Amino acid sequence: LDESSFERHVTRNEIPVLVDFWAPWCGPCRMMAPAYEQAAGQLEPQVRVAKVNTEEAQQLAARFNIRSIPTLALFVGGREVARQPGAMTSPAQIAAWVRSQLR
């Protein structure tokens, strides 16, 4: 997502949205990418899954005070409700974390 699509998909969405804040040069981000993609298959359509490249969307990263990448942030009704810094390499772990935050 970029700045404008973030507003459209995250802040104006009733469905929870999981966002991966990442960067192309980040090794742990690249390591987590396949697990994140597989977790998306487990979470959709109850949860939307998106990615924000912090190199291209620096204002978004600053707005949400992203200090380390990768960082997963879960948004409900446009509000951040949970955050998990660091790479999670298991699709089941990512999906379980999201589900635990939505209870």
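A quick note: this is a predicted structure, and the numbers were derived from the prediction, not measured.

Rules used in this analysis
- Residues numbered from 1 in each chain as written.
- Predicted model: local features only at pLDDT ≥ 70, side-chain atom pairs only at ≥ 80, totals over all residues.
- Heavy atoms only, no water.
- Helix = DSSP H or I, 4+ residues; strand = E, 2+ residues; numbered from the N terminus.
- Rg over C-alpha atoms; globule rule 2.2 N^0.38 Å.
- Buried < 20%, exposed > 50% of the residue type's maximum accessible area, 1.4 Å probe, protein only.
- Contact = heavy atoms within 4.5 Å.
- Areas by Shrake-Rupley, 256 points an atom, 1.4 Å probe, with all protein chains shown as cover.
- Lys, Arg positive; Asp, Glu negative; His and termini not counted.
- Charge placed at Lys NZ, Arg CZ, Asp CG, Glu CD.
- Pairing = 2+ DSSP bridges.
- Right-handed = clockwise from strand over helix to strand, strands pointing away.
- Polar contact = N/O pair within 3.5 Å; in protein donor to acceptor, adjacent residues only side chain to side chain.
- Disulfide = S-S within 2.5 Å.

## Overview of the overall build of the chain
Part 1: Across its full length, the chain carries 4 helices and 4 strands.
Part 2: Going residue by residue from the N terminus, the α and β elements of the chain occur as α-β-α-β-α-β-β-α.
Part 3: Scaling as 2.2 N^0.38, a compact globule of 103 residues should have a C-alpha radius of gyration of about 13 Å, and the chain matches this with 12 Å.
Part 4: Taken along its principal axes, the extent of the C-alpha atoms in the chain is 30 × 30 × 20 Å.
Part 5: In the chain, buried positions account for 41% of the 103 residues.
Part 6: Taking the intrachain contacts of the chain between residues at least 6 apart in sequence as the baseline, contacts between residues at least 24 apart amount to 69%.
Part 7: For the chain, the accessible surface area stands at approximately 5,600 Å², while carbon and sulfur atoms represent 50% of it.
Part 8: Looking at the chain, you have 11 positive and 10 negative side-chain charges, and the mean spots of the two groups are 6 Å apart.

## Here we look at the pairing of strand E2 (residues 48–53)
Part 1: Note that strand E1 (residues 17–22) and E2 share 6 bridges and pair parallel. Along E2, the bridge assignment pairs Val17 with Arg48.
Part 2: Taken together, E1, helix H2 (residues 27–43) and E2 constitute a β-α-β crossover, and its handedness is right-handed.

## Quick look at the side chain of Asp20
Part 1: On the secondary structure map, Asp20 appears in strand E1.
Part 2: Taking the relative accessible area as the measure of exposure, Asp20 reaches 0% and is therefore buried.
Part 3: Within polar-contact distance, the side chain of Asp20 engages the side chain of Lys51 at 2.9 Å.
Part 4: Leave out the neighbours within four places in its chain, and Asp20 touches Met32, Tyr36, Ala50, Lys51, Val52, Pro70, Thr71 and Leu72.

## Points about the state of the cysteines
Part 1: Applying the stated criterion across every chain yields a total of 1 disulfide.
Part 2: Between Cys26 and Cys29 runs a disulfide, and the two sulfur atoms are separated by 2.4 Å. Of note, the bridge from Cys26 to Cys29 carries an S-S torsion of about 80 degrees and is right-handed in sense.

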